[in-house]
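Examining the three-dimensional arrangement
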Amino acid sequence: MRIGKVERRTKETEIMAEVNLDGEGRSAIATGIGFLDHMLDQLARHSLIDITCKAKGDLHIDYHHTTEDTGIAIGEAFSKALGDRKGITRYGEATIPMDETLTRVALDASNRPYLIWKVNFSRDKLGEMDTELFKEWFQAFAQNAGLTLHVENLYGENNHHIVESSFKALARALRQAVEIDPRKSDAIPSTKGTLGGSLAKPA
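Structural notes, computed from the coordinates. Counting from 1, residues in each chain are numbered in the order their sequence is written. Where local features are concerned, this predicted model is filtered to residues with pLDDT of at least 70; where side-chain atom pairs are given and counted, the filter is 80 or more; whole-chain, interface and lining totals use all residues. No hydrogens and no water enter the side-chain calculation; it runs on all heavy atoms of the structure.

A word on the nonpolar core
- By nonpolar core we mean a set of buried residues, namely Ala, Val, Leu, Ile, Met, Phe, Trp, Tyr and Cys, connected to one another through side-chain atoms within 4.5 Å. Working definition: with a 1.4 Å probe on protein chains only, accessible area under 20% of the residue-type maximum means buried, over 50% means exposed, and in between means partly exposed. Counting residues in hydrophobic clusters, the biggest one holds 54 residues, and the most contacted among them are Phe78, Trp137, Leu147 and Leu149.
- We call two residues in contact when some of their heavy atoms are within 4.5 Å. In this view, Phe78 contacts Val19, Leu21, Ile49, Phe141, Ala145, Leu147, Leu174 and Val178; residues no more than four positions away in its chain are not counted.

Section: the sheet that holds strand β5 (residues 91–98)
- The sheet built from four strands is open, its strands ordered β5-β6-β10-β7 with mixed pairing. Edge positions in the open sheet fall to β5 and β7 (114–118), since each of these has one partner strand only. Here the strands of the sheet are splayed against their neighbours by 10° on average, with no regard to which way each runs.
- Strand pairing is defined by DSSP finding a minimum of two bridges between the two strands. Secondary structure follows DSSP: runs of H or I at least 4 residues long count as helices, runs of E at least 2 residues long count as strands, and numbering of each begins at the N terminus. One ladder, built from eight bridges, connects β5 with strand β6 (residues 101–108); its direction is antiparallel. Within β6, the position partnered with Gly92 by the bridge is Leu107.
- Helix α3 (residues 133–145) rests against β7 and β10 (148–155) of the sheet, and its axis sits at about 155° to β7. The convention used is that axes are lines fitted to C-alpha atoms, helices contributing only their stretch in contact, and that angles between N-to-C directions extend from 0 to 180 degrees.

Brief notes about the pairing of strand β4 (residues 50–57)
- With eight bridges connecting them, strand β2 (residues 13–20) and β4 associate as antiparallel partners. Note that in β4 the partner of Glu18 across the bridge is Thr52.
- Of the pairings in the sheet, the one linking strand β3 (residues 27–30) to β4 comprises four bridges and is parallel in character. If you follow Ala30 over to β4, its bridge partner there is Lys54.
- Running through helix α1 (residues 34–47), the crossover from β3 to the neighbouring parallel element β4 is left-handed. If you view a crossover with the strands going away from you and the path from the first strand over the helix to the second runs clockwise, you call it right-handed.

What to know about the environment of Gln139
- Here Gln139 shows up in helix α3.
- Sequence spacing of Gln139 and Leu149 is 10 residues, and the spatial spacing of their C-alpha atoms is 8.8 Å.

What to know about the sheet that holds β4
- Spatial ordering of the open sheet is given by β1-β2-β4-β3, a layout of four strands whose pairing is mixed. This sheet does not close on itself; its edge strands, each paired only once, are β1 (3–9) and β3. This sheet shows a mean twist of 5° between the axes of neighbouring strands, independent of strand direction.
- Contacting β3 and β4, α1 crosses the sheet at an angle of about 165° to β3.
- Against the sheet, helix α2 (residues 64–82) touches β1, β2 and β4, its axis set at about 35° to β2.

Comments concerning the pattern of salt bridges
- The rule for a salt bridge is simple: a side-chain nitrogen of Lys or Arg has to be within 4 Å of a carboxyl oxygen of Asp or Glu. Tallying each qualifying case throughout the model produces eight salt bridges.
- In this structure, Arg8 engages Asp69 in a salt bridge whose closest nitrogen and oxygen atoms are separated by 3.7 Å. Taken together, the positions of Arg8 in strand β1 and Asp69 in helix α2 put the pair 61 residues apart, joining distant regions of the chain.
- Taking the relative accessible area as the measure of exposure, Arg8 reaches 22% and is therefore partly exposed.
- Here Glu152 makes a salt bridge to Arg104, at a shortest N to O gap of 2.6 Å. Placement of Glu152 in strand β10 and of Arg104 in strand β6 is noted, with a sequence separation of 48 residues between them.
- Judged by relative accessible area, which is 33%, Arg104 ranks as partly exposed.

The structure is reproduced here in structure tokens:
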């Protein structure tokens, strides 16, 4: 089983994250931020990656540190679970409709992190969560998971649908990318023979 576990402690947060890439989509999420918990549950369910994330953060200040640090911890656990990334399909793409909303995610599990975020919101908050924090989560996750990640909301009106379709599209794209390619299960999916390195030199 491809499993990664991380424990992260700072003066702002204490987080335990674990992912099982060969799971069934089970989740055990408790970040103290209800909407983020809901999104991480969706991420696990639709990727078929088991995700555990327990966090204690300085929520009395705001949700920024906890949101960002859960992205860091889950990303680090994801990268640990991938190991040398041998045999993976590497690329994934999904376009997810949710009522009036359509969102597309394309990613490369290249170990060369980069985020393109083309998602706009018409409200500053969803519940008590600042909508600007969703980009922070995706940035932290992509950076620490080693993903080149493009997220684009093509259209939509309901901010909840825009966020949820982004997480579901990420989930489906991850599900493709981490699958073992039966035709190349013993090979690193790169002409270099390794994944990682300069952003300016794609494999």
